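# Breakdown of the fold
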There are 2 protein chains.
Amino acid sequence: MLTEERYQFIRDRLAAEGKVLAGELASRFGVSQDTVRRDLRELAKSGQLRRVYGGAVAPAPFAAATIGQRGSHAVEEKLRLAKAAVGVLASGQTLFIDGGTTNEAIARAIPRDVELTVATNSLGVTSALADLPLVELIVLGGRYVRDLGTCVGGDTLAAVAQLGADLFFLGSCGLDASRGVTAFDSAEAEVKRAMARNSAGIVIAATSDKLATAAPYRVAAPDAIRHLVVDKTAPSAILADFERLGAEIHFA
Amino acid sequence: MLTEERYQFIRDRLAAEGKVLAGELASRFGVSQDTVRRDLRELAKSGQLRRVYGGAVAPAPFAAATIGQRGSHAVEEKLRLAKAAVGVLASGQTLFIDGGTTNEAIARAIPRDVELTVATNSLGVTSALADLPLVELIVLGGRYVRDLGTCVGGDTLAAVAQLGADLFFLGSCGLDASRGVTAFDSAEAEVKRAMARNSAGIVIAATSDKLATAAPYRVAAPDAIRHLVVDKTAPSAILADFERLGAEIHFA
DNA sequence: TTTCTTTGTGCACGTTCTTGCATGTTTTGC
DNA sequence: GCAAAACATGCAAGAACGTGCACAAAGAAA
């Protein structure tokens, strides 16, 4: 019995029934439960199932429902980034959070026992925070843009102008030590600029593919970044540039 | 029986019927009530349900006012109402839609090929419409109120004031032919009043338990209702009153 | 062929998780 | 106010789990 055969059987069984039991698989394959557990661990690592006590279940449909191509590896990376990014939070703070899948992951990673005031123009972030009892949630309305999952426009700008925040979690941007933070869309950039202007510090959690890239619209100067959350594969030369400009580097 | 299976069953049951009983779940699963209570505690910790004495109910934004009433029959009734309510729409119209489970059902029932401009302060309605390609969606931001699932406050009022709509889908209210439309919350009523003021006509889809009830805060006069969508069990005497006041009655 | 490395597997051990029971507390209905 | 039901908490037994290690089979290098 090849390992791959077991994998395929598990995948099929999950698709058909939604769950598998470790003990049942072991007796069916004629191997020890340890081997089955190793299989499950391996498949879980690539997001093909979710391990639970006693076996495994089909993965959450959450990934499929949301935006873009986000491979399973990128999900894990974003989750690690999100957990590290939450580390810069302190109870009682006021935050701006804008759009992007990384920011949605961060919002979902905020623990239930932290007291915060959060203003966001992202539908995903709003949904993620809507249930947290200690979060005072302010929705920044405006024209909803499907492709971004956020609100933009004059109404959004007006709402931002009335608020001030300790930290601004800035998402889905290009990031370059000389050009600073840049966005791909004009209206989006306007809102980000307003949020940056009304915040004491900017937090950016960047997957490694965002580093050293630039987009047309300028959002913030490179020295405006207070916290930069990256994974351990980020080139140290680039990080050194940001550190020199005053950013605090956090590794996921 | 995996723990996760019990979780899933509870989630499904809550979505369908709005409530679960600890004792009933225990006998169905073949485990002790202690285990069921532990499950409920766990799900409550992540906001997936709200614990009550004897079991649990669906979390705030969806439970709204009617906890015991929303059996699977009530869900079906709301679906029928929603389909009928969509009948009053015409392509090219501009709508206000506020909160409530009935309005969320209506939003989900809007077909993909209708061109509309929709302004809403409800998170559920926003989520329902976010994917429709022909709907220009305007999010009315403000302070998010967990129990209502909507935004209220001065910012919301200001955003409403800048817009005008053909129809206002008014939800989760008391409804009485002499007192008109009434709401349970002061801030909520303010927003509804503003929407009513800036709309040419009001549409109300009411489950039969809403008819001939009243709440403290006045929202609109009884003769402001243009379309009233009810099921066939609605008392004809009450409907006659509304019809005399100028409402058009639609049966689901 | 012989030797070494790689990979997959099973076993032993300690750890963590789940569960039912016992106990004491809180809530509900009368 | 009282009794019963529902609940929270601590505890112990057992199941499931992770890890390190040994062993065997397959292939590569000498």
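### Considerations on the overall build of chain A
- Helix and strand content of chain A: 10 helices and 15 strands.
- When the 252 residues of chain A are sorted by exposure, 49% land in the buried category.
- Counting every atom, chain A has about 11400 Å² of accessible surface; 52% of that belongs to carbon and sulfur.
- Charge-centre separation for chain A: the mean point of 28 positive side chains lies 4 Å from the mean point of 29 negative side chains.

### So, helix H1 (residues 3–17) of chain B
- Across its 15 residues, H1(B) extends 21 Å between first and last C-alpha, which sits within 8% of the 21 Å expected from 1.5 Å per residue.
- On the buried face of H1(B), the contacting elements are strand E2 (50–52) and strand E3 (55–57) of chain A together with strand E1 (19–21), helix H2 (22–29), helix H3 (33–45) and strand E3 (55–57) of chain B.
- Residue B:Gly18 follows H1(B) closely and has a positive phi angle near 85°.

### Examining the sheet that holds strand E11 (residues 180–183) of chain B
Residues and elements named next belong to chain B.
- Taken together, three strands build an open sheet; the order of strands is E10-E11-E13 and the sheet is antiparallel. Only two strands of the sheet have a single partner each, and these edge strands are strand E10 (174–176) and strand E13 (217–220). Neighbour-to-neighbour, the strand axes of this sheet turn through a mean angle of 35°, independent of strand direction.

### Section: the state of the cysteines
- Counting across every chain of the model gives zero disulfides over all chains.
- With no disulfide of its own, A:Cys151 lies closest to B:Cys151 among cysteine sulfurs, the gap being 9.6 Å.

### Quick notes on the protein's contact with DNA strand C
- Residues in contact with DNA strand C amount to 18 residues; listed here are only the nearest, A:Arg6, A:Thr35, A:Arg38, B:Thr35 and B:Arg38.
- A distance of 2.7 Å is found between a phosphate oxygen of DNA strand C and a side-chain nitrogen or oxygen belonging to A:Arg6.
- Of all the secondary-structure elements, those providing two or more residues to the surface near DNA strand C are helix H1 (3–17) and helix H3 (33–45) of chain A together with H1 and H3 of chain B.
- Its residues assigned to classes, the surface near DNA strand C comprises five nonpolar, seven polar and six charged.

### Quick look at the protein's contact with DNA strand D
- Every one of the 18 residues lining DNA strand D counts as a neighbour, but A:Arg37, A:Tyr53, B:Arg51, B:Tyr53 and B:Gly54 are closest to it.
- Here DNA strand D approaches the protein such that, of its atoms within 4 Å, sugar and phosphate make up 64%.
- For DNA strand D, a phosphate oxygen lies 2.8 Å from a polar atom in the side chain of A:Arg51.
- For DNA strand D, a phosphate oxygen lies 3.5 Å from a polar atom in the backbone of A:Val52.
- A class-by-class count of the residues in the surface near DNA strand D yields six nonpolar, four polar and eight charged.

### A short note on the domain arrangement of chain A
- If you check the domain split of chain A, you get domain 1 (3–59) and domain 2 (72–251).
- Taken over C-alpha atoms, the centre of domain 1 of chain A sits 37 Å from the centre of domain 2 of chain A.

### Here we look at a positive patch on the surface
All names here are of chain A.
- A cluster of like positive charges, contributed by Arg 37, Arg 38, Arg 41 and Arg 51, occupies part of the molecular surface.
- Sorting elements by how many residues they give to the positive patch places H3 first, with three residues.
- If you trace the backbone, Arg 51 turns up in strand E2.
- Under the relative-accessibility criterion, Arg 51 is labelled partly exposed at 34%.

### Some thoughts on the nonpolar core
- Counting residues in hydrophobic clusters, the biggest one holds 65 residues, and the most contacted among them are A:Leu129, A:Phe169 and B:Phe169.
- Tallying contributions element by element places helix H5 (residues 72–86) of chain A first for this core, with five residues.
- Ignoring sequence-local partners within four residues, the contact set of A:Phe169 consists of A:Ala85, A:Val88, A:Leu89, A:Leu95, A:Phe96, A:Ile97, A:Asp98, A:Asn103, A:Ile106 and A:Val203.
- A:Val145, A:Leu211, A:Val219 and A:Ala220 belong to the second largest nonpolar core, which has 36 residues in total.

### Let's talk about the sheet that holds strand E4 (residues 94–97) of chain A
- The sheet built from nine strands is open, its strands ordered E15(A)-E14(A)-E12(A)-E9(A)-E4(A)-E5(A)-E6(A)-E7(B)-E8(B) with mixed pairing. Two strands close off the open sheet at either side, each with one partner strand: strand E15 (248–251) of chain A together with strand E8 (150–152) of chain B. Averaged over all neighbouring strand pairs, the angle between strand axes comes to 30°, with direction disregarded.
- Strands in contact with helix H9 (residues 186–197) of chain A are E4, strand E9 (165–169) and strand E12 (199–205) of chain A; relative to E12(A), the strand with the most contacts, it is inclined by about 125°.

### A word on the pattern of salt bridges
- Following the criterion strictly, the structure yields 18 salt bridges over all chains and no others.
- A salt bridge links A:Lys19 to B:Glu5, with the shortest nitrogen-to-oxygen separation between them at 2.9 Å. Of this pair, A:Lys19 sits in strand E1 (residues 19–21) while B:Glu5 is found in helix H1, placing the two residues in two different chains.
- Look at A:Lys19 and you get partly exposed, because its relative accessible area is 22%.

### Quick notes on the packing of H2(B) against H3(B)
Residue and element names in this part refer to chain B.
- Contact geometry of H2 with H3 gives a least axis separation of 8 Å together with a crossing angle of 115°. In this view, H2 runs roughly perpendicular relative to H3, as classed from their interaxial angle. Our pair here, H2 against H3, has a crossing hand that is right-handed. Only Gln 33, Val 36 and Leu 40 of H3 make contact with H2, whose side of the interface consists of Ala 22, Gly 23, Leu 25, Ala 26 and Phe 29.
- Looking at the contact of H2 with H3 residue by residue, the classes come out as six nonpolar, two polar and no charged.

### Observations regarding the interface of chain A and chain B
- Listed by partner, the interface residues are 32 residues for chain A and 30 residues for chain B.
- Both faces considered, chain A and chain B share a buried interface measuring about 2200 Å² in area, 54% of it formed by carbon and sulfur atoms.
- At the junction of chain A and chain B, the tally comes to two salt bridges.
- When the shortest N-O distance is used, the salt bridge between A:Arg50 and B:Glu4 registers 3.0 Å.
- Where chain A packs against chain B, one counts 13 residue pairs in polar contact (both at pLDDT 80 or more).
- Counting residues per element, the ones that place at least two in the side of chain A that touches chain B are E1, E2, E3, helix H7 (123–129), strand E6 (135–139) and strand E7 (142–145) of chain A.
- In terms of residue count, E6(A) provides more of the side of chain A that touches chain B than any other element does, five residues in total.
- When the residues that make up the side of chain A that touches chain B are grouped by side-chain class, the tally is 17 nonpolar, seven polar and eight charged.
- Looking at chain direction, E6(A) and strand E7 (residues 142–145) of chain B are connected through two bridges and run antiparallel. The residue of E7(B) that forms the bridge with A:Val139 is B:Gly142.

Definitions and cut-offs
Residues numbered from 1 in each chain as written. Chains lettered and ligands numbered in written order. Predicted model: local features only at pLDDT ≥ 70, side-chain atom pairs only at ≥ 80, totals over all residues. Heavy atoms only, no water. Helix = DSSP H or I, 4+ residues; strand = E, 2+ residues; numbered from the N terminus. Buried < 20%, exposed > 50% of the residue type's maximum accessible area, 1.4 Å probe, protein only. Areas by Shrake-Rupley, 256 points an atom, 1.4 Å probe, with all protein chains shown as cover. Lys, Arg positive; Asp, Glu negative; His and termini not counted. Charge placed at Lys NZ, Arg CZ, Asp CG, Glu CD. Expected span 1.5 Å × (residues − 1). Contact = heavy atoms within 4.5 Å. Pairing = 2+ DSSP bridges. Axes fitted to C-alpha atoms, helices over the stretch in contact; angles between N-to-C directions. Disulfide = S-S within 2.5 Å. Near = heavy atom within 4 Å. Polar contact = N/O pair within 3.5 Å; in protein donor to acceptor, adjacent residues only side chain to side chain. Nonpolar A, V, L, I, M, F, W, Y, C, P; charged D, E, K, R; others polar. Domains from an automatic or database assignment. Patch = residues over 30% accessible without salt bridge, like charges linked within 9 Å, V, L, I, M, F, W, Y side chains within 5 Å. Salt bridge = Lys/Arg side-chain N within 4 Å of Asp/Glu carboxyl O. Core = buried A, V, L, I, M, F, W, Y, C linked by side-chain atoms within 4.5 Å. Parallel < 35°, antiparallel > 145°, perpendicular 65-115°, else oblique. Left-handed = near helix turned anticlockwise from the far one by under 90°. Buried area = accessible area lost by both parts, 1.4 Å probe.

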